[in-house]
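Read off the chains here:
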6 protein chains.
Amino acid sequence: MQYRYKLDEIINTALNEDIGSGDITTLATVDEAKRTEGFFVAKEDGVVCGLPVVSRVFELIDPEIRLEAYFDDGDTVEKGDCIAKVSGPAQGILTGERVALNFLQRLSGIATRTREAVSQVAGTKCAVTDTRKTVPGLRWLDKYAVRTGGGVNHRFNLADGILIKDNHISAAGSIGQAIAKTRSAATHMLKIEVEVENFAQIEEALSCGADVIMLDNMSIEDMTKAVEIINGRAIVEASGNMGERGLSEVARTGVDLISVGALTHSVSAMDISLKFSL
Amino acid sequence: MQYRYKLDEIINTALNEDIGSGDITTLATVDEAKRTEGFFVAKEDGVVCGLPVVSRVFELIDPEIRLEAYFDDGDTVEKGDCIAKVSGPAQGILTGERVALNFLQRLSGIATRTREAVSQVAGTKCAVTDTRKTVPGLRWLDKYAVRTGGGVNHRFNLADGILIKDNHISAAGSIGQAIAKTRSAATHMLKIEVEVENFAQIEEALSCGADVIMLDNMSIEDMTKAVEIINGRAIVEASGNMGERGLSEVARTGVDLISVGALTHSVSAMDISLKFSL
Amino acid sequence: MQYRYKLDEIINTALNEDIGSGDITTLATVDEAKRTEGFFVAKEDGVVCGLPVVSRVFELIDPEIRLEAYFDDGDTVEKGDCIAKVSGPAQGILTGERVALNFLQRLSGIATRTREAVSQVAGTKCAVTDTRKTVPGLRWLDKYAVRTGGGVNHRFNLADGILIKDNHISAAGSIGQAIAKTRSAATHMLKIEVEVENFAQIEEALSCGADVIMLDNMSIEDMTKAVEIINGRAIVEASGNMGERGLSEVARTGVDLISVGALTHSVSAMDISLKFSL
Amino acid sequence: MQYRYKLDEIINTALNEDIGSGDITTLATVDEAKRTEGFFVAKEDGVVCGLPVVSRVFELIDPEIRLEAYFDDGDTVEKGDCIAKVSGPAQGILTGERVALNFLQRLSGIATRTREAVSQVAGTKCAVTDTRKTVPGLRWLDKYAVRTGGGVNHRFNLADGILIKDNHISAAGSIGQAIAKTRSAATHMLKIEVEVENFAQIEEALSCGADVIMLDNMSIEDMTKAVEIINGRAIVEASGNMGERGLSEVARTGVDLISVGALTHSVSAMDISLKFSL
Amino acid sequence: MQYRYKLDEIINTALNEDIGSGDITTLATVDEAKRTEGFFVAKEDGVVCGLPVVSRVFELIDPEIRLEAYFDDGDTVEKGDCIAKVSGPAQGILTGERVALNFLQRLSGIATRTREAVSQVAGTKCAVTDTRKTVPGLRWLDKYAVRTGGGVNHRFNLADGILIKDNHISAAGSIGQAIAKTRSAATHMLKIEVEVENFAQIEEALSCGADVIMLDNMSIEDMTKAVEIINGRAIVEASGNMGERGLSEVARTGVDLISVGALTHSVSAMDISLKFSL
Amino acid sequence: MQYRYKLDEIINTALNEDIGSGDITTLATVDEAKRTEGFFVAKEDGVVCGLPVVSRVFELIDPEIRLEAYFDDGDTVEKGDCIAKVSGPAQGILTGERVALNFLQRLSGIATRTREAVSQVAGTKCAVTDTRKTVPGLRWLDKYAVRTGGGVNHRFNLADGILIKDNHISAAGSIGQAIAKTRSAATHMLKIEVEVENFAQIEEALSCGADVIMLDNMSIEDMTKAVEIINGRAIVEASGNMGERGLSEVARTGVDLISVGALTHSVSAMDISLKFSL
């Protein structure tokens, strides 16, 4: 949750969107001098994520509002737990409630789902990773939530990772040519990952020095065999509608990583509410 | 999908986020002169939404890329249907693929879920509406998708609708005082909606001239009785974890609107892929 | 004057515009260590508005500059009154003088004119309201000044109020169809206002459920008759070159609101100066 | 009206402000395919200014809308004249009407007032100039309108002109020191203007090489005498509540320039309307 | 030179900076209808870079201006060569001249210096790479110029490459711990580069699986020995004031890459002028 | 180094560019609680410039980081001098190191070169001035560095100085017409500078009232003669590849100013490093 200049830009966009020209209901009904306190309460079990965002949302509305968090990002909370207390001028707290919850519920939803996925692969060496299937404008926070849930991040964007897919291969002529062209064009600090659909492609990619092999939509049997073929010569990533599979079974094939798009493309907001008396 | 100046701002944010300093894989492997065509194919049934966004994503990357849509936003598509064809310079198409799909899949997911909700209330006078529980920065598109799916929009932000909740009531002193204060402060063009939890509050709100009554988290029985009490004197909105209820049953209580936060806070991306040969 | 993040954006635009690459005169002639104090003095009677903006202008230039206000926004001041004292580093005070005054004089000019208009309708139930005829980029502040002067705001923009005008009626086919289409498309939280030019249109609008009737450019006699016809069935707004009329006479026709475009489209800056000794 | 990249930034701000999340009335009542044409008609005599802005407003809303202007910026129009025709998709024209008029009416108001001021000094060598008393964010257009009305622009901001005022003088120690310090600090391409209040200051400023003398709030007699003293050794500017004076009399004192803050700080919008049939 | 939305943002910043409120000299002296043509002429030998930027600079000022380039980016030009012709409205061409040249001269300067560096290592397997020592705001273009000159890019920013330096090592406890922590935190698509100062560190880094070894400020002898030790087990980068060394000698030590900060931190603009007749 | 709102905008651009989605190496290897201190050390003699920028870079990353400067901007430092100490959270210091150095080294490089140029003209009345040949986006800082080195600034942009060049003359018809047109169009606060290539043009410019004469690319002999001809009737600026000449010799011709594009278009970064132990 570093880099306040990034965070502020995202939050200001959200506040402008949600407040528009002003929160007319609150301005009309709540005295400017009135102070209050509210409590963020978990209405279901989950992994909390986004508390520093919530804190900053209120600060940007009114510097006098304070958030006292009873948990840290990444902590497990149970239904009924009081996650944090917000206190200060009532107008600002009521006005910021929805934006604060929109961030907190989405990020906690991602962290919770990630934690579940990670627990499925427990006991194996396999990690769970995300994808670029995030909501436009929120990738930085979405990926933070994945880390908070125990996942590891895949590349952030098209510039900080090389992933050669079928269309790149056909455009370049072959896996070998695609790897060669990429190696000569890209910085030496990036590994080269190649998406493959069959065993022949695995062999070709390995022989050309691919660092990572992505097994696309393979059956458990094929993944098991692929891992045997690769035999440690490259990192192995399993991909393709992993959200709907038994991750445990996939992990036991010996792959190093499972990427799960659903972690961020199909998020269920965690149920959290802001209550003004406990 | 009006207002290109708004759309471009959202898309540019998404492109900057996803492309970063450049799509190194594509630039290395695909010749600048190469042209290609790809097909957006539905991999499950649903309501398509976001085609003008997709078209503009590609235009902003490369003005030579063209999208030919075979459906309109709001059309139902079936698994296997080809939704649209994109053609032009291959570099730009490959680079824009993920951003285009991120928009299309999210918006179609919202439209599809909304269509399902609307179908549950078919045959009643009841409408399905959204909430402010949208993803920060995307509300304008999220709400467009709800309309595309047949829903109607609730207020866009805190400035274009008055909704007096429990905290406003306690701050103002009573329902009556909250309504009076709001009426004198706000523009005359806004109705006044009051959230109520029991029958006494309904009576008070009606006697003070509330235009809309929101029934918060009531049982089917209580909602039925509330509608009888209100008896046409105000619009009636049912609210509170509606995503998990039988909307049909709620609609038959006679309420005018059901607001469903889950339409936008817990979206399942519709499964759509971009294929480069059919 | 809530929402500092909105205020700062407006002020930064103004500072960039007025300071450009730097205040060369001040930088050359005034020692960086020199401190001074100045006094904002009213050079004519009026309603002061914009003091929090002035305070923030100086803070954004130099956090050490302090504004001590002797009046609040909305207070009446007389020629010769000292409105506020600014003190701190002299360079920043001299550099910010013009931007501070540009805001203060315009907003006070609007508040003063609004107060005059409101005093004309005193003793009636009629309110004075503004329009969208504001200066591009300053609507949020312009409308704040109207409220400060005792007026009430009309809709902020095209999204937070429905106003069916003649062209909408002819496009939709009839007043009835325009109302019906709007009611089904727009959120339930907005009232429907219809602009009418004659009594037949009033009847049609009322029979179709219009919430507000805007009488466009009617004579006093016609307005009186219109109010009788409407007879409390809708809110009545008088509109059309109201800045040039006797508002008192219009108010006595029984209309609920008079909208006055001139409050913001033809502003006379209130004469206020910054003096460096009293 | 050069520099489209500047113009677009200003217009986009205005459109975002006025349209918000969408023009709900128009979207509901006007068919997307409907086309229309409207006519900008002068409802009072004046100098038209802002037609290229109007044209671009509509283009940015919908590239299919076209403006056909029957006058050029700077032309005199009479009450009843049709200034321009706008034609194309009806939705966009209705949505852009207010923003287009807000620009056109303000800029024409400034140009008209400037033309009147200029006509008062006709027959003398004296020019009318503006000040920095413009509306925050619109200076570029406000100053364009002054030129269009026949005025000349004073400095655009604090960086492109040196104007030594009383506080600079007292901070520097004397007029002589203020001029010396400024001359050594500023670029050689800027003249040095000094504001004076009496004849002794004029002599001191001239002896130190001031290029321009600003006579602040002097009587006609004193201005006449000041011009005699200066006798061509510097440009002479008359300043100080000039909006309320007989400019003709001031011009005949022999000053070179009269600066009139009211040209831009107290604008009366020119009465222009958009009619949809003539 | 892909990604127009990125390019336009950079150019608009430059135009706003250089044009300010307007090019007063050109507007006063050049008729709006006048057309002209100018020629970009090399005044010294070099590698041209930035022609698409120049073309877009003029387009953004006036869409009617056209650039006809006689060379491509990366071509070698000789003193006296005509690089490109610009033609169209004279006002826009004169106004854009300086910004166009500022881009073209800097980028050509970088490309030229890079080409010289690359030629020094010709005949070896060694590549020349850049650093993050670029001018704030121009990295995207600066790195494009390095590629145009035949260099390869190092990481673009702190997010798309892992480089463990001495401070990271001491903070983590050891090279081994730094590598282990980084490997578990970062995406699997990034290699791990470690900066070393002596042979012991090389051994430690290799034994912990470093992918790239950066030899910091070593003598030719030490670099030679380091390459022998590494013996193909990692990519080897030579770094440290390489701009002042004989790159040829460094390349012959067998290192894979030489990073040269001076390519971008100490640029000599290539001498190019815009002439209006040949 | 005034105007924090300007400085912050430049720095935020630089931080976004250099940090991207996050400094993965530092985040992985350095504990969030760890504190450190580092020392900016001169590795060559020079004039230090940019310390307030460095201070603000770190503050924007983490408000807890403090910079203690041992020199002021404009001070001469020698190889080995410790310029400043930075202390606070280690993560932020390591992350900001490169951006801080990029600013400090460039600005110090400009100040150092300017100081050298100024020393060449010592003992004459001649000043050294810069040009608009700056790096896009950094002009405000580049020109600050020139002042810090003892130079004076030429115009900041096309709006705050009039410079009539050969193309303006030919477009206007003659030097006289160009001056006349400019004088009537531009604010009275700007002097008029004319670029000349021969003695006849000098006479014409003087007779038409040019305030400044720019001698373009003249020989020492011709400059000497030009100064004699002008004989104090205008300020004289020498221009044209002055970076490559003996400025001392040029200054002795009697010109008032020498403009040197190379001060900013061909900058050698001053060698400064951040060391974590002394």
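Residues numbered from 1 in each chain as written. Chains lettered and ligands numbered in written order. Predicted model: local features only at pLDDT ≥ 70, side-chain atom pairs only at ≥ 80, totals over all residues. Heavy atoms only, no water.

Asks: Quick one: what's the story with the pairing of strand 8 (residues 192-196) of chain E, residue by residue and with numbers?
Replies: Residues and elements named next belong to chain E. With five of its five residues buried, strand 8 lies for the most part within the structure. Residues I192, V194 and V196 point to one face of strand 8 and E193 and E195 to the other, with burial holding for every one of them. Alignment of strand 7 (residues 162-164) against strand 8, held across three bridges, turns out to be parallel. Considered in strand 8, the bridge of I162 is made with I192. Pairing between strand 8 and strand 9 (residues 212-216): four bridges, direction parallel. Across the sheet, the residue bridging to E195 is M214, located in strand 9. (Buried < 20%, exposed > 50% of the residue type's maximum accessible area, 1.4 Å probe, protein only. Helix = DSSP H or I, 4+ residues; strand = E, 2+ residues; numbered from the N terminus. Pairing = 2+ DSSP bridges.)

Asks: For the domain arrangement of chain A, give the residues involved together with the corresponding values.
Replies: A common way to report how large an interface is uses the accessible area buried once the components associate. Residues and elements named next belong to chain A. The domain architecture assigned to chain A consists of domain 1 (4-117 + 267-276) and domain 2 (119-265). The C-alpha-based centres of domain 1 and domain 2 are spaced at 35 Å. Of the roughly 1,800 Å² buried at the junction of domain 1 and domain 2 (both faces included), carbon and sulfur atoms supply 65%. Seen at the junction of domain 1 and domain 2, the total is one salt bridge. A salt bridge links D142 to R106, with the shortest nitrogen-to-oxygen separation between them at 2.9 Å. At the boundary of domain 1 and domain 2, one finds eleven residue pairs in polar contact (both at pLDDT 80 or more). Elements represented by at least two residues in the side of domain 1 that touches domain 2 include exactly helix 1 (4-19) and helix 4 (90-120). With ten residues, the top contributor of residues to the side of domain 1 that touches domain 2 is helix 4. Partitioning the side of domain 1 that touches domain 2 into residue classes produces twelve nonpolar, two polar and six charged. (Domains from an automatic or database assignment. Buried area = accessible area lost by both parts, 1.4 Å probe. Salt bridge = Lys/Arg side-chain N within 4 Å of Asp/Glu carboxyl O. Polar contact = N/O pair within 3.5 Å; in protein donor to acceptor, adjacent residues only side chain to side chain. Nonpolar A, V, L, I, M, F, W, Y, C, P; charged D, E, K, R; others polar.)

Asks: Hey, could you go over the packing of helix 8 (residues 199-207) of chain E against helix 9 (residues 220-230) of chain E for me, with residue numbers and the actual values?
Replies: All names here are of chain E. Interaxial distance between helix 8 and helix 9 falls to 11 Å at its minimum, and their mutual angle equals 25°. Put simply, helix 8 runs roughly parallel to helix 9. Note on packing geometry: the crossing formed by helix 8 with helix 9 is right-handed. Seen from helix 8, the contacting residues are F199, I202, E203 and L206; seen from helix 9, they are D222, K225, A226, I229 and I230. A class-by-class count of the residues in the contact of helix 8 with helix 9 yields six nonpolar, no polar and three charged. (Axes fitted to C-alpha atoms, helices over the stretch in contact; angles between N-to-C directions. Parallel < 35°, antiparallel > 145°, perpendicular 65-115°, else oblique. Left-handed = near helix turned anticlockwise from the far one by under 90°. Contact = heavy atoms within 4.5 Å.)

Asks: Describe in detail helix 3 (residues 51-61) of chain A, supporting the description with residues and values.
Replies: The periodicity of an α-helix, 3.6 residues per turn, causes residues three or four places apart in sequence to face the same way. By the criterion of burial, helix 3 of chain A is predominantly enclosed, with eight of the eleven residues buried. Residues of helix 3 of chain A that are buried: L51, V53, V54, R56, V57, F58, L60 and I61 of chain A.

Asks: An account of the sheet that holds strand 6 (residues 127-129) of chain A is needed here, citing residue identities and associated values.
Replies: All names here are of chain A. The strand order 6-11-10-9-8-7 describes an open sheet built from six strands, whose pairing is parallel. Where the open sheet ends on each side, the last strands, each with one partner, are strand 6 and strand 7 (162-164). Across the sheet, the axes of successive neighbouring strands diverge by a mean angle of 25°, strand direction being ignored. Docked against the sheet, helix 7 (residues 175-185) engages strand 7 and strand 8 (192-196), running at close to 160° with respect to strand 8.

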